[in-house]
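These are the residues of each chain, in order.
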Amino acid sequence: MFTHILIASLVSLINAASIVSRSQSYYPQPAVLGPQTTITIGNKVIAPDGFERSATLVNGIFPGPLIAAQKGDNFSIEVVNELKDETMFKSTSVHWHGIFQNRTNYADGTSFVTQCPIAQNHSFLHKFSAPNQAGTYWYHSHYSVQYCDGLRGALVIYDPDDPLAYMYDVDDGERIIGLYSSSDHHVFVLLASTVITLSDWYHVVAPVLRHIIGTNANSSLINGLGRYAGGPASPLAVISVEQGKRYRMRLVAMSCDPNFNFTIDGHNFTVIEADGQLTEPLMVDQLQILAGQRYSVVLVADKPVDNYWIRSLPSLVGASYAGGTNSAILRYQGAPQVDPTTVETPVQDPLIETNLHALINPGAPGIPGYGNADINLNFQVTNNTGLFYINGVTFRPPTIPVLLQILSGAQDPSQLLPNGSVFVLEANKVVELTLSIATTAGGPHPIHLHGHAFDVVQSAGSSTFNYVNPVRRDVVSAGNNGQQMVIRWTTDNSGPWFLHCHIDWHLDAGFAVVMAESPSDTAAHIDPVPS
């Protein structure tokens, strides 16, 4: 009875941004999970772009359910492995992308770095807090290329004291319209459609594709819906807005490979967040978003009541908007439920990373000037016969996770495996990392560092350095051949942290290293270690 009342209430209260199918009035997203919950990893046949295939999913849906929390909440998420499909990976892990995991390195969810994979019919309890973090994050498998088969979802930490809240009226995940709780978990039922996920989708399972150099996605999906070239006119995601209101849209690039150029016909939007870090507001009309990156943008619904194309063009050869591919619909309330007829708007103000500036405590740590950090690292990336190398070494996952090696007494780089891929850093030092792309294909390469946000003192393709007020984030482009990026962070979070390309095929081919921060302090820093 309660369930029926709750569903009826959900449908009756939907009056803002939502996912709408072409043939139905409303098609609300599934229930949103709270910070204390259980998620089940299993297999199910789905057809998000009209092509049926078995996938690896969280709670049977793609993308996985939004996990929503308030700033200061404690997380307790049990990951249960019920995978059975023999054509895909049956072990798993889940990484909470962008969460620093300070004092809880073991909960980072990174196979062979912080934990063993979760075996079939087993579970792993992730208990962690993020006391000083708020913003847009996500979660995904960190076992081989498994997230390409569907294990990905958004995670948002809302800040009731957001200093930029004056800029928007609607941030839907904050509006709880039903709540179910039990002794072991909480499920928030709410309308969370201002969270917009962008993902690629494949018709062949990832364990096969990982052996094919240069594999391309069959389609791209917006909020889990899309079309592929030559396929059926399957439903597209629709974001419904009310004229005159201002919406905080949280964009999450869950891609395994391509980046996306995101636009909305006839509309500008103002960037206010990059990867969980508030930025000085910056108005743009297009943004390029790489795998793993997130942006919050404020969209003002000030255009005539109508339908407008949302465009998310992937960086794939031949990509277009033909037949509604790579598209979704922005629908003003009162507009007919038909496809838009709007024309792509010429881009005048694209997002340029060097124009983004941190809003809170701007400025890179340490003494300004290139090479003036306490620890200065230079990584050169090359590619040979399909494998990636950082300073001549390709990453091969160790049989014993790096964290377990450290807790067992290994401290020196010569003791830590894999050889040549673990870099030991002293505690409380400023690190400046220069990562240059020498001879590789498939760029621009999005580089992610676990356990930290960093200041981007030089963006790829730029000749200038900014130590005063650079953007702060956790995924940055290293560019293409002949380009480099330079970042800074402080080693204030003891433990092994993965640094890798977030194109999953490239990570699988060795584009990674481990930053082991003060191994001698790790046991005390994460005490108590769960059994």
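None of these values were measured; they are calculated from a predicted model.

What counts and how
Residues numbered from 1 in each chain as written. Predicted model: local features only at pLDDT ≥ 70, side-chain atom pairs only at ≥ 80, totals over all residues. Heavy atoms only, no water. Helix = DSSP H or I, 4+ residues; strand = E, 2+ residues; numbered from the N terminus. Rg over C-alpha atoms; globule rule 2.2 N^0.38 Å. Buried < 20%, exposed > 50% of the residue type's maximum accessible area, 1.4 Å probe, protein only. Salt bridge = Lys/Arg side-chain N within 4 Å of Asp/Glu carboxyl O. 1 Å grid on protein atoms, 1.4 Å probe; cavity = no way out; pocket = protein on both sides within 12 Å on 5 of 7 lines; lining within 4 Å. Points joined across faces, edges and corners; volume = space filled by probe spheres on them. Nonpolar A, V, L, I, M, F, W, Y, C, P; charged D, E, K, R; others polar. Lys, Arg positive; Asp, Glu negative; His and termini not counted. Polar contact = N/O pair within 3.5 Å; in protein donor to acceptor, adjacent residues only side chain to side chain. Pairing = 2+ DSSP bridges. Axes fitted to C-alpha atoms, helices over the stretch in contact; angles between N-to-C directions.

Asker: When you look at the overall build of the protein in this model, what are you seeing that I'm missing?
Answerer: Helix and strand counts for the protein come out as five helices and 33 strands. By the compact-globule yardstick of 24 Å for 531 residues, the protein fits well, its C-alpha radius of gyration being 22 Å. Dimensions of the protein along its principal axes, counting C-alpha atoms only, are 65 × 50 × 45 Å. Here the protein holds 531 residues, and the buried ones make up 59% of them.

Asker: Can you walk me through the pattern of salt bridges in this structure?
Answerer: Two side chains bearing opposite charge may form a pair once their charged atoms approach each other closely. All chains considered together, the criterion is met by 18 salt bridges. The partner of Lys245 in a salt bridge is Glu242, with the nearest N and O atoms 3.4 Å apart. The exposure class of Glu242 is partly exposed, given its relative accessible area of 30%. Three or more residues joined by partner-sharing salt bridges are found here, namely Asp162, Asp171, Arg248, Arg250 and Glu273.

Asker: How do you make sense of the layout of surface pockets when you look at a structure like this?
Answerer: Estimated volume of the largest pocket: approximately 960 Å³. Those elements that place two or more of their residues in the lining of the largest pocket are β8 (135-141), β9 (152-158), β15 (246-253), β18 (277-284), β28 (454-458) and β31 (484-490). No other element matches β31, which puts three residues into the lining of the largest pocket. Counted by class, the lining of the largest pocket contains 17 nonpolar, 14 polar and 13 charged residues.

Asker: Hey, could you run me through the side chain of Asp49 in this one?
Answerer: Topologically, Asp49 is positioned in the loop between β2 (36-46) and β3 (53-58). Buried within the structure, Asp49 lacks any salt-bridge partner; its nearest side chain of opposite charge belongs to Arg53, at an N-O separation of 8.5 Å. Looking at Asp49, its side chain comes within polar contact range of the side chain of His203, at 2.7 Å.

Asker: Looking at this structure, I do not really get unusual backbone geometry. What am I missing?
Answerer: Keep in mind that most residues, glycine aside, have a negative phi and that most peptide bonds are trans. In this structure, the amide linkage connecting Leu417 to the following residue, Pro418, adopts the cis form with an omega of 5 degrees. With respect to the helices and strands, the residue Pro418 is situated in the loop between α3 (402-407) and β25 (422-425). The phi angle at Gln101 is positive, at roughly 55 degrees, despite the residue not being glycine. Within the element layout of this structure, Gln101 appears in the loop between β6 (94-97) and β7 (123-129). Accessibility expressed as a relative area gives 0% for Gln101, which makes it buried. Of note in the backbone geometry, Ser144 takes a positive phi value of approximately 50 degrees without being a glycine. Relative to the helices and strands, Ser144 resides in the loop between β8 and β9.

Asker: Can you walk me through the sheet that holds strand β16 (residues 260-264) in this structure?
Answerer: Think of a sheet as strands paired side by side through backbone hydrogen bonds, with each pair either parallel or antiparallel. Strand order in the open sheet made by the five strands is β14-β22-β21-β16-β19, with mixed pairing throughout. The two strands at the open ends of the sheet, each matched to only one other strand, are β14 (238-241) and β19 (287-289). Shown here is a sheet whose adjacent strand axes are inclined to one another by a mean of 25 degrees, direction ignored. In this sheet, strand β21 (residues 307-314) lies alongside β16 in antiparallel orientation, the contact comprising five bridges. Residue pairing in the sheet places Phe262 in a bridge with Ser312 of β21.

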